[in-house]
Amino acid sequence: MRKIFLIDFSSTALYNFDMEEQAIFTRAEHIRDVIRYINRFKNAAVVIYLDDRIIDSPLWASHIRDISLIHEAGLRVILVPGAHKHIDKILTENHISWTRKDGCRITSDDAIPLIKTAAFDVSNIVMSSLAGEHLTAVIGNWVRARGKGVLDGTDYGCAGEIDKIDDDTIRTVLSNGFIPIFPCIGWSLSGKPYNISSMQLASQIAVHMQADKLFFLVPDAELSEKYFTLPEEIGISPEGCIPAMNIEELDEFLKANEPSSDSKKMANNRSLDAEEKDIREHILSIVHLGRTACTQGVTRVHILNSSLNGTLPCEIFSDLGSGTMIYSSNYGKLRPMERKDIAAVLTLIQPFVKKGILLPRTEEQLESQLNDYIVYELDGGIRACSALHIYDNKQAEIAAVAVDETCAHIGIGPKIMDYLINRAKQLSLESVFVLTTQTTDWFESLGFKSDEINTLPEKRKALWTPSRGSKLLRLKLK
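This write-up is about the structure you can find in this document. Computed from a prediction, not measured in an experiment: that's the story for all the values here. In this numbering scheme, every chain counts its residues from 1 along its sequence in written order. Under the rules for a predicted model, residues below a pLDDT of 70 receive no local features and side-chain atom pairs below 80 are neither given nor counted, while totals for whole chains, interfaces and linings still include all residues. Water and hydrogen atoms were dropped before computing side-chain values, which therefore reflect all heavy atoms in the structure.

1. Some details on the environment of E258
Within the secondary structure, E258 is located in the loop between helix 8 (247–256) and helix 9 (261–265). A sequence separation of 26 residues divides E258 from L284, and the C-alpha atoms of the two residues are 9.4 Å apart. In DSSP terms, a helix is any run of H or I states spanning at least four residues, a strand is any run of E spanning at least two, and both are numbered starting from the N terminus.

Right under this line is the structure:
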């Protein structure tokens, strides 16, 4: 009905309608993503490490509200609050000194009562904040620990190692709808308390529970050129951060940022000050923990900047989220298109058709050429597609290349092209070609060269029209 009224509208009004239609389409896609992820992660175990600096942040209430919403969406939330800042404060106030080595706080045994007080104070703050959202949380002594003892001549005092986690009790707490909270304290078999690393605790709980997600919510936690050297092959978000890395890409990242003198001093060709170096080293320690967790069965690890409002739900309920995800499972994959994908593919290519980049396709056309198409599936959603149409056993057209704009920066397009080019080579074709009006530069960057229209196979040449004026680019395979 609205299109009938457009008959008398000016071109400006038509443009405004197109903008409104695009905005509605974008919002609808976001809502579909949220529904898809709620269904996907319902009853999933989620471990969240909370840096205690967040407690004094203006966004603390917002983060607690987001945790509440995540819990209400059906995810089973486990919280591990750090207490680094609060322990520093209470030890300083009581004139107790400490040192740090290999990420451990080293103090005398008389410091442990104060450390335990600070750790439980932080956990109580978290529990009280959740109570304000009408959620019931439980603080428990579910971690058995042992003293680190003396290593290479260093007495680690009251620092401990995690010995055992009471998985069964945690599952019982979760099944009753409660949120378990883990202070950074573990107890020996004789009841002696030890100070343990909260980040390591979060990682090990996630491994023990085979969690679907492990989150590190930390101030300034961003994997960007500000602090790191970023390998060229790793995709970058519009904000300049790494949105996701599989284990192989993560190893390349770690190699590029190994603790050599150059990488310690430089990031993005500039010197790092003392504070930036501390942030960098802290993030690297999280990255290493994330890698270990992923290789031991945790599906995904997320490193989030707590300075961003809404970062938790954005990371859970969207494809690329707001932080950096480390994964070892099949997060994104290329596969043949199936009949059930046709509606999603038509939705995917719609914005490109409107811009004149792609020709319109119908459901019947896609179904008749089903075997020609491939799709890129990301967490159950179709985020890219393309087709390889074969002519005369010598050449093939790569057509309908479309990548959702939210994923355009993570290298899906080149992966699709490589996949189809390799398929053409396996079929012993002599060349592949594309017809394009607006993406010539991109195809040329992949090695395609301009060619004459009269070199097209007759069947395809009959469909080419001078009014559209598509340019022919070809890649020779032999």
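Having seen the model, we can carry on.
2. Regarding the sheet that holds strand 23 (residues 431–436)
In a beta sheet, neighbouring strands are held together by backbone hydrogen bonds and run either parallel or antiparallel to one another. Note: two strands are recorded as paired if DSSP finds a minimum of 2 bridges between them. Strand order across the open sheet formed by 7 strands is 19-20-21-22-23-25-24, with mixed pairing between neighbours. Across the chains shown, the open sheet's two edge strands, defined by having one partner strand only, are strand 19 (332–336) and strand 24 (449–450). Pairing geometry for strand 23 and strand 25 (residues 471–476), over 6 bridges, is antiparallel. Looking at strand 25, one finds that V434 is bridged to L473. Contacts are assigned to residue pairs that have any heavy atoms within 4.5 Å of one another. Fitted lines through C-alpha atoms give the axes, limited to the stretch in contact for helices. The angle between two N-to-C directions lies from 0 to 180 degrees. On the sheet, helix 12 (residues 342–354) packs against strand 20 (373–378), strand 21 (381–391) and strand 22 (395–403) and is oriented at approximately 85 degrees with respect to strand 21. Helix 14 (residues 412–426) contacts strand 19, strand 20, strand 21, strand 22, strand 23 and strand 25 of the sheet and is inclined by roughly 30 degrees relative to strand 21.

3. Structural notes on unusual backbone geometry
Positive phi, close to 65 degrees, is recorded for H134, a residue that is not glycine. The residue H134 is located in the loop between helix 5 (112–131) and strand 5 (137–139) in this model. Given the relative accessible area of 74%, H134 is considered exposed. For D220, which is not glycine, the phi dihedral falls at a positive 65 degrees. Structurally, the position occupied by D220 is in the loop between strand 13 (213–218) and strand 14 (244–246). Here the term buried applies to any residue with accessible area under 20% of the maximum for its type, exposed to any over 50%, and partly exposed to those in between, with areas from a 1.4 Å probe on protein chains only.

4. Some points on helix 3 (residues 60–72)
Under the convention used throughout, the expected extent of a helix is 1.5 Å for every residue step, that is, one less than its residue count. Relative to the 18 Å expected for 13 residues at 1.5 Å per residue, helix 3 spans 18 Å between its end C-alpha atoms, a close match to the ideal helical length. Here helix 3 has its buried residues at W60, H63, I64, D66, I67, S68, I70 and H71. In this fold, the buried residues of helix 3 make contact with strand 1 (45–50), strand 2 (76–81), helix 5, strand 10 (179–181), strand 13 and helix 11 (311–316). Of the residues one or two after helix 3, G74 is the one with positive phi, at around 105 degrees.

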